[in-house]
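# Coordinate inspection notes
Spelled out, the chains give:
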Amino acid sequence: MIPRHQRILFVLLLVASLAMGAVLWLLRQHAHQRLLAGLDSAPTSAPAVAPAEQATLLMANDSDGSILTQLHSLPLPADPGALARAVLGKLLDLYATPDAAHPVPGGASSVLQVFLLPAPEITGAVPAAGIPISTKSRTVVILPRQFRANPPAAPLQGAPQAGPLLAVVNLSGSFAANHPSGIETEMLTVLSICGTLRANLPRVTQVRFLVDGQQRATLAGHADLTRTYLTGDAVPSNEAHP
Amino acid sequence: MRWIKYSWLALVLAPLAAQSTLAQPAPPAPQTRFVVVLDAAHGGDDTGGRLAHGQLEKSFTLALSVRLRSLLAARGIPVVTTRDSDAAVDPVKRAEIANRAQAQACLSLHTSESGSGIYLFVSSLAPAAPARFPAWKTAQAAAVMRSLKLAGVINSALLHAGMSVTLSRTSLPAMDSMTCPAVTVEITPEQNHETAAGLDDKDYQARVAAALAAALLEWRTDTGRTEARP
């Protein structure tokens, strides 16, 4: 038999619990109302869908070792980092098609991120001043610096506002693992990426590569990924000097 | 005075000393031995690319290195190799071996299923004057002009053997640290309709090795002519 005073106490505690629960629910409702009152939920701007624009892609060709300029229409975001990722994604999508002249599996998802940073000054040895030696119609010609005429720099949002930029391209590990092995094919991939960045973001003068966020010695056993590439080194055949 | 006392001795000994100096023959000029370094790419855990017929790049380059060494040895050309077995050799060690050999030609051998014919790569470093202590990563800069000449000789030999050749320039860590005239050779399947051949074609392999040996023989003659010039 439960004593009477304990029953009264139990009922009082139960009533108090229910009352506190009700108060909490009311307070939550009030807070929610206050939050909604402070927000203007009217649709004042349209969803951000980038319009399709012309992007310049530097497409490699394994059969003659050429890199040719191609224009493609695709939505280009305003943010330069996203823009760089979009154009490189398109480039790698084209390389992943079955009839690609430079077949590389992976596609757009192989470009994880592109970071744009102020470019450091490069000291020490410079690449060769162009000595185009060729028995075929080679297209990747390293030109002397005085011949490199970069287009005027355009203002970029979300990136340092002045000066040359270093693009850090973070590739996926599966892209590197499945890339065909060979000096020529790996260099064509690297140079077409550098050239595409230069064509669409003229302020990008240097490019470095990461794989899954880490530095990697080579792309697929040959192309050195520890060095900084100069975008001026990748000149398409239709722009190369004779 | 003491110096007058011994001056007669100096007068007597001086002509004798001069005579003995004249009698000694001049030290012979150091003879440069023509040595070739063959660098079979990859090895050990670094397998390189996988070729269409299942062979690995490291095995192909080693087999080509052995074949080429035999051809050169038969012509009396001493050869130093960076590896003779399936061992991993890092780029620094490869360059060390080449530089220690003081070779007149260094060939790095690669292969790939991508592309067509033979690709010859010379370092993309800008030519520089020889320095007493060159920087390790750009040591090839002083030899780039000779490397270009060597590539020209190899190009001629390969074209003469009916192969398609593409010359290019690139940056490879081992090659950029070599002080010898250095060329990287990448062998890919011959796509030309008349002379089409896969990497597993023994005749194609033999023709490539023979052409490279002929080129190095020609290079030795050229080098000898240059050194003989006053």
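Source: prediction; values computed, not measured.

### Focus: the pairing of strand β1 (residues 52-61) of chain A
Residue and element names in this part refer to chain A. As paired strands, β1 and strand β2 (residues 66-75) are joined by 10 bridges and run antiparallel to one another. Of the residues in β2, the one forming a bridge with alanine 55 is histidine 72. From the end of β1 to the start of β2, which pair antiparallel, there are 4 residues, and glycine 65 there has a positive phi angle of about 65°.

### A closer look at the pairing of strand β6 (residues 182-187) of chain B
On a regular strand, each side chain points to the face opposite its neighbour's, so the side chains alternate between the two faces of the sheet. All names here are of chain B. With 6 of 6 residues buried, β6 is to be regarded as a mostly interior element. Side-chain alternation along β6 places Ala182, Thr184 and Glu186 on one buried face and Val183, Val185 and Ile187 on a second face that is also buried. Where strand β3 (residues 105-111) lies against β6, 6 bridges are found, and the strand directions are parallel. Among the inter-strand pairings, serine 108 is bridged to a residue of β6, identified as threonine 184. Across 4 bridges, the pairing between strand β4 (residues 118-123) and β6 is antiparallel. Residue pairing in the sheet places phenylalanine 121 in a bridge with threonine 184 of β6.

### Some details on the sheet that holds strand β3 (residues 111-118) of chain A
Residue and element names in this part refer to chain A. Strands sit in the order β3-β4-β5-β6 across an open sheet of 4 strands; the sheet is mixed. Of all the strands in the sheet, just β3 and β6 (229-230) have a single pairing partner and so form its edges. Here β3 runs beside strand β4 (residues 165-171); their pairing, made up of 7 bridges, is antiparallel. Paired with valine 114 across the strands is valine 169, a residue of β4. Where helix α4 (residues 183-200) meets the sheet, its contacts fall on β4, β5 (204-211) and β6, and the angle it forms with β5 comes to roughly 135°.

### Here we look at the confidence of the model for chain B
Residue and element names in this part refer to chain B. Chain-level statistics for chain B give a pLDDT mean of 86 and a share of 83% at 70 or above. Looking over chain B, one finds the lowest element-wise mean pLDDT in helix α1 (residues 2-23), namely 49, and the highest in strand β1 (residues 36-40), namely 97. The model gives residues 16-30 a pLDDT under 50, and that stretch makes 0 contacts with residues more than four places away or in other chains.

### Focus on α4(A)
Here α4(A) spans 26 Å end to end across 18 residues, near enough to the 26 Å set by a 1.5 Å rise per residue. Taken across its 18 residues, α4(A) has 18 buried, putting it largely inside the fold.

The rules behind the values
- Residues numbered from 1 in each chain as written.
- Chains lettered and ligands numbered in written order.
- Predicted model: local features only at pLDDT ≥ 70, side-chain atom pairs only at ≥ 80, totals over all residues.
- Pairing = 2+ DSSP bridges.
- Helix = DSSP H or I, 4+ residues; strand = E, 2+ residues; numbered from the N terminus.
- Buried ≥ 20, exposed ≤ 12 C-beta atoms within 10 Å, placed from the backbone.
- Contact = placed C-beta atoms within 7 Å.
- Axes fitted to C-alpha atoms, helices over the stretch in contact; angles between N-to-C directions.
- pLDDT = per-residue confidence, 0-100.
- Expected span 1.5 Å × (residues − 1).

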